[in-house]
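# Examination of the molecular architecture
As a plain string of letters, each chain reads:
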Amino acid sequence: MNERINYLKTYILDKRHHSQRRTPSSIGLDKLNTIYAQQGLSPVERATACFAALMNAELPVILPGEKIVFTRTLTQVPDIYTPEEWNEIKNKYYIHEKGTVCNISPNYAYTIQHGLEARKQEIRKRQENPSLNEKERVFLNSMYQCIISIQKLIEKYEQYALLNNETEIAHTLHTIKTEGAQNFRQALQLLRILHFSIWEAGNYHNTLGRFDQYMYPFYQRDLENGTLTKEEAFDLLEEFFLVCNKDSDLYPGMQQGDNGQSLVLGGRDPEGKYLFNDLSRMCLQASYELKLIDPKINIRVDPKTPDEIFSLGSRLTKIGLGFPQYSNDDIIIPGLIRKGYSKEDAYNYVVAACWEFIIPNRAMDIPNIDAVSLIGCVDRCLEKLNTCSDYSSFYTLVEQEIQKEVNAICEKHRNLYIIPSPMMSLLMDGTIERAKDISEGSYYNNYGIHGTGIATATDTLAALKKYYFEEQSLDYTTLLTAIRSNFKGYEELQKKLREEAPKMGQDNDYADLIAKDLLDSFDRSLADKRNERGGVYRAGTGTAMYYIFHSNQLRATPDGRNDGEIIPANYSPSLFLKQKGPISVIKSFTKQHLDRVVNGGPLTLEFDQSVFSNDETIEKLGMLVKTYIVLGGHQLQLNTVSRETLLHARKHPEQHKNLIVRVWGWSGYFVELDECYQNHVINRIEFGL
């Protein structure tokens, strides 16, 4: 990291650029929704007008030493509907999260290559078709106006740069205002502008997709023609990574850090070529040097991936970033094809905000539309335990309960409404040809359902199978009374259930094959489901924030867990697993049919920082990751933690402002998390190597 980058990093972490920020209300933009209602504007016209107003109100800011510019000066995106209008919409429709387009992967590459003016001409040509109806014409014009709004802000920045003698910045902006990028710096700058613009349009969890693939041609061309050296290119790359952290506190999410700025490196193409390149390596090195939470790195791997790449990734794990996250092409790609994605699209998959597998450019999938509590389904069957003659009959009840919950969830998603986004539509394939906003759908319109409490449900079923049905050492009345009383007065039973009962994560087929059955049942429960957009449902092993929600709704469970005790996040073992080491966990968590749960959700393992005493441990960790991939694991994330440091940070947050932890599918600053998430991070199991 050179002096310029180090200065910019300090400037941004010290939040000195925040002095430029203003609220919409301070400049009279807080009543736009009322104005739009009075004018009778359609939803897409409102979205366009709001975007234009915000872009017009943005002030050009160039931080000291910057080469890649654009900084948010407006702290919020105003609502385009009045509260009364929004309430009426909510009464008529199902609303997902904030009701806006989110968590998809745009096609930045096409516009970076062809330029904004060429995109305008594409729209104009489409508008010449006489068969277009009025709604289609309004939509196409809205996309056109979004480009004009972007160009006007670029022009404002260009003039500001000239006034401040920043001629290189001005030249870069002048070129990309109309043309496609001609070099690596221009490509990074235009990417920053497009990414900035979709956030300004009110969309969120905007990923960066296969960054190393679509940016590599610009990097390679510059090196070949002598425009840039590798050192200069790396300098620009580090600055782009820094830029991702300038405004991220303004991006909505469950917590600060949950902003979806993920990018994907590597992966195979349909011909079998592994696509990890020099730029991929530079991305890992940039993250290693900067030590920031954004962008979050995901690496696509498979059993034939060179060992070097696992080692490079493990260097990031060592310093505690909570990434990279690994995804196994050999499991994910066949699983996506099984769900109806074309081979070409499946091979091009990326990772959404956290871990969900999505298709860039062509999919309006909602990969986190809801979650099934697998342990909740088991718990609701416990009252009928005494009606079952054997384990098989009890499991049938559980399977029926999963189906019942899935049916209710799928029914709830009827009549979906998403606020239009002509700006995001501009960056998605097919919207100009269809003359249809991306909020109304795309080539793929699939929904993803998380499955929470997998290990808790497995451990519960294993305990019931062993002690209630087989050994008959636990009777119905004792079990139900113990659970209802939160094990008060039944401490010996609780200890037995916690410490002696079979557990998923100990490489014990007795429990592990129950997990296989659970995930297969979950997948089957969605097999014939279609949403109103014609999409399918995808089962997953992730939890997102639902592991907190579902825990709060759950009484004590027959695995020995107390009422109120948090269930594991994602695809992870019980928090009180009597562990035998990471290899046993890996073996347990790869026996399932993971190609059937391709909504994603990583096995998460925690390592104490003390294990990373030398480079040999980095190599060992790399081999551990590869073992998981070779055994057929689908997704893996590794975290480095120090419980003592976390406890100290809780008491003295001012001394640990930049302490990074992995939460569920994203990394954030520990001291900025709510207490419930801090508690879960502190109490996770730590493994050794």
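The protein is annotated in an unreviewed UniProt entry as Formate acetyltransferase (Pyruvate formate-lyase) of Bacteroides fragilis.

## Focus on the packing of aromatic side chains
Centre-to-centre distance and the angle between the planes together describe a pair of aromatic rings. One pass over the structure, following the stated rule, counts 23 aromatic pairs. Centroid distance Tyr468 to Phe469: 4.9 Å. Interplanar angle 85 degrees. Geometry classified as edge-to-face. Across the pair, exposure class does not vary: Tyr468 and Phe469 are buried alike. Aromatic rings pair up to connect Tyr108, Phe211, Tyr214, Phe240 and Phe241 into one cluster. A cation over an aromatic ring shows up here: Arg362 above the ring of Tyr443, its NZ or CZ 3.9 Å from the ring centre.

## What to know about the nonpolar core
Grouped burial of nonpolar side chains is what soluble globular proteins tend to show. Ranked by size, the top nonpolar core spans 207 residues in total, and within it Ile112, Phe184, Phe211, Met215 and Phe394 carry the most contacts. Top element by residues in this core is helix 7 (residues 134-163). It accounts for 12 residues. Not counting residues within four places of it along the chain, the set of residues in contact with Ile112 comprises Gly180, Ala181, Ala187, Leu190, Leu191, Leu194, Tyr214, Met215 and Phe218.

## Digging into the environment of Leu290
Tracing the backbone shows Leu290 in helix 13 (residues 278-290). Placed 250 residues apart in sequence, Leu290 and Gly540 show a C-alpha to C-alpha distance of 32 Å. Non-local contacts of Leu290, meaning those with residues more than four positions away in its chain, are made with Met1, Ile5, Lys9, Glu238, Phe241 and Leu242.

## Quick word on the environment of Asp517
Relative to the assigned elements, Asp517 resides in helix 24 (residues 509-525). Separated by 356 residues in sequence, Asp517 and Ala161 have C-alpha atoms that sit 62 Å apart.

## So, the pairing of strand 12 (residues 635-641)
Among the 7 residues of strand 12, 7 are classified as buried, and the element is accordingly described as predominantly covered. Both faces of strand 12 are covered, namely the face carrying Gln635, Gln637, Asn639 and Val641 and the face carrying Leu636, Leu638 and Thr640. Where strand 4 (residues 325-328) meets strand 12, 3 bridges bridge the pair, whose relative direction is antiparallel. Directly across from Tyr326, in strand 12, lies its bridge partner Leu636.

## Brief notes about unusual backbone geometry
Going from Asp294 to Pro295, the amide bond is cis rather than trans, its omega being -10 degrees. Relative to the assigned elements, Pro295 resides in the loop between helix 13 and strand 3 (296-301). The residue after Phe323, namely Pro324, is reached through a cis peptide bond having omega 15 degrees. The residue Pro324 is located in the loop between helix 14 (307-318) and strand 4 in this model. In this structure, Lys291 is a non-glycine residue whose phi angle is positive, near 55 degrees. Looking at the element boundaries, Lys291 is found in the loop between helix 13 and strand 3.

## Section: the sheet that holds strand 10 (residues 537-539)
Strand order in the open sheet made by the 3 strands is 7-9-10, with parallel pairing throughout. The sheet is open, and its two edges are formed by strand 7 (366-373) and strand 10, each paired on a single side. Across the sheet, the axes of successive neighbouring strands diverge by a mean angle of 30 degrees, strand direction being ignored. By the bridge criterion, 5 bridges tie strand 7 to strand 9 (residues 447-452) in an arrangement that is parallel.

## Looking at the side chain of Ser574
With respect to the helices and strands, the residue Ser574 is situated in the loop between helix 25 (546-552) and helix 26 (582-588). Accessibility expressed as a relative area gives 3% for Ser574, which makes it buried. One polar contact links the side chain of Ser574 to the main-chain amide nitrogen of Phe576, over a distance of 3.1 Å.

Thresholds applied
Residues numbered from 1 in each chain as written. Predicted model: local features only at pLDDT ≥ 70, side-chain atom pairs only at ≥ 80, totals over all residues. Heavy atoms only, no water. Phe/Tyr/Trp six-rings, centres within 6.5 Å; stacked < 30°, edge-to-face > 60°. Buried < 20%, exposed > 50% of the residue type's maximum accessible area, 1.4 Å probe, protein only. Lys NZ or Arg CZ within 6 Å of the ring centre and 35° of its normal. Core = buried A, V, L, I, M, F, W, Y, C linked by side-chain atoms within 4.5 Å. Helix = DSSP H or I, 4+ residues; strand = E, 2+ residues; numbered from the N terminus. Contact = heavy atoms within 4.5 Å. Pairing = 2+ DSSP bridges. Axes fitted to C-alpha atoms, helices over the stretch in contact; angles between N-to-C directions. Polar contact = N/O pair within 3.5 Å; in protein donor to acceptor, adjacent residues only side chain to side chain.

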